[in-house]
Amino acid sequence: MSVTLLVADAVWSEIESTGSVTEEQLSILHLLFGKNLEKATRIIDKRGVKKISGLPSGRSIFQVVGESQKREEYLCFPGDYCGCYSFFYDVVSRGEQLCCKHQLAARLASSLGTYREIEVSDDHLALMLSKI
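What counts and how
- Residue numbers here run from 1 along each chain, matching the order of that chain's written sequence.
- The predicted nature of this model means local features are confined to residues of pLDDT at least 70 and side-chain atom pairs, given and counted, to a pLDDT of 80 or more, with totals for whole chains, interfaces and linings taken over all residues.
- To get the side-chain values, take all heavy atoms of the structure and skip hydrogens and water.
- Think of it this way: any DSSP run of H or I at least four residues long counts as a helix, any run of E at least two long counts as a strand, and we number them from the N terminus.
- Using C-alpha atoms as the atom set, the radius of gyration is obtained and then compared with a globule rule of 2.2 Å times the number of residues to the power 0.38.
- Burial classes follow relative accessibility: with a 1.4 Å probe on protein chains only, a residue under 20% of its type's maximum area counts as buried, one over 50% as exposed, and anything between as partly exposed.
- For this analysis, residues touch if any pair of their heavy atoms sits within 4.5 Å.
- All accessible areas in this document rest on Shrake-Rupley with a 1.4 Å probe, and a residue is counted as covered only by the protein chains that are shown.
- Only four residue types enter the charge count: Lys and Arg as positive, Asp and Glu as negative, with His and the chain ends excluded.
- In plain terms, the charge of a residue is placed at NZ if it is Lys, CZ if Arg, CG if Asp and CD if Glu.
- Whenever Lys or Arg places a side-chain nitrogen within 4 Å of a carboxyl oxygen from Asp or Glu, that contact is recorded as a salt bridge.
- Interaxial angle, 0 to 180 degrees, is taken between N-to-C directions of lines fitted to C-alpha atoms, where a helix line uses only the stretch in contact.
- Roughly parallel covers angles under 35 degrees, roughly antiparallel covers those over 145, roughly perpendicular covers 65 to 115, and oblique covers all other angles.
- Crossing handedness follows the turn of the near helix against the far one: under a right angle anticlockwise gives a left-handed crossing, and clockwise gives a right-handed one.
- Side-chain classes follow a simple rule in which Ala, Val, Leu, Ile, Met, Phe, Trp, Tyr, Cys and Pro form the nonpolar group, Asp, Glu, Lys and Arg form the charged group, and the remainder, Gly included, forms the polar group.
- The pairing criterion is simple: DSSP has to find at least two bridges between the two strands.

1. Section: the overall build of the protein chain
Within the protein chain, the regular secondary structure consists of six helices and five strands. Its helices and strands taken in sequence order, the protein chain reads α-α-α-β-β-β-β-α-α-β-α from the N to the C terminus. Against the compact-globule benchmark of 14 Å for 132 residues, the protein chain has a radius of gyration of 15 Å, which places it among compact chains. Considered along the principal axes of its C-alpha atoms, the protein chain spans approximately 40 × 35 × 30 Å. Evaluated residue by residue, the protein chain yields a buried proportion of 36% over its 132 residues. Put simply, 56% of the contacts in the protein chain that link residues at least 6 apart link residues at least 24 apart. Summed over all atoms, the accessible surface of the protein chain reaches about 7,700 Å², with 52% contributed by carbon and sulfur. For the protein chain, the centre of its 15 positive side-chain charges and the centre of its 17 negative side-chain charges are spaced 7 Å apart.

Spelled out as structure tokens, the structure:
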């Protein structure tokens, strides 16, 4: 794991433990993630993050609204995957970013508890995941 990701994980842990974010923490995250963090905070401000949980298993995935006029929704695992173009192009293919804005929005919303909770059956969640 890179030093950058270790620093980010430490900041995420601090935010999760307090349920709030300080200016210093935002500054560190901005240094690490740049404009993607700004875009992620806009998504959160617009209540664009949903946590979809399957019942009875409790397994979950995030659904994050994009900022384009289409307002597309992307399925996202904050640390591992997003269905958006930027994830595949900037993160996976070119390695220019650590994660996309949707992953950041999901991670920050999860840390702060500022997402909308949606409960579905495990079968419905499996169907959603099969389309990834």
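2. A look at the pattern of salt bridges
Going through the model one piece at a time under the given rule, you end up with six salt bridges. A salt bridge links Arg-107 to Asp-9; the nearest nitrogen and oxygen atoms lie 3.7 Å apart. Placement of the pair is Arg-107 in helix H5 (residues 101-112) and Asp-9 in helix H1 (residues 3-18), with a sequence separation of 98 residues. Overall, Arg-107 belongs to the partly exposed group, its relative accessible area being 22%. The salt bridge partner of Arg-107 is Glu-16, with a shortest N-O separation of 3.8 Å. Of this pair, Arg-107 sits in helix H5 while Glu-16 sits in helix H1, and the two are 91 residues apart along the sequence. Among the charged side chains, a network of salt bridges with common partners joins Asp-9, Glu-16 and Arg-107.

3. Examining the packing of H1 against helix H2 (residues 23-33)
Axis separation between H1 and H2 bottoms out at 10 Å; the angle between their running directions is 150°. In this view, H1 runs roughly antiparallel relative to H2, as classed from their interaxial angle. Here the hand of the crossing between H1 and H2 comes out left-handed. Together, Thr-4, Val-7, Ala-8, Val-11, Trp-12, Glu-14 and Ile-15 of H1 and Gln-25, Ile-28, Leu-29, Leu-32 and Phe-33 of H2 make up the contact between the two elements. The residue makeup of the contact of H1 with H2, split by class, is nine nonpolar, two polar and one charged.

4. Quick word on the pairing of strand E3 (residues 73-77)
Here strand E2 (residues 60-65) pairs with E3 via four bridges, running antiparallel. Bridging from a neighbouring strand, Gln-63 pairs with Leu-75 of E3. In the sheet, E3 pairs with strand E4 (residues 81-82) via two bridges, with the strands oriented antiparallel. Considered in E4, the bridge of Phe-77 is made with Tyr-81. Between E3 and the antiparallel strand that follows it, E4, lie three residues.

5. Some points on the sheet that holds E2
Within a sheet, neighbouring strands are paired by backbone hydrogen bonds and run either parallel or antiparallel to one another. Overall, mixed pairing links the five strands, which are arranged E4-E3-E2-E1-E5 in an open sheet. With partners counted over all chains shown, the strands left at the sheet margins are E4 and strand E5 (116-121), one partner each.

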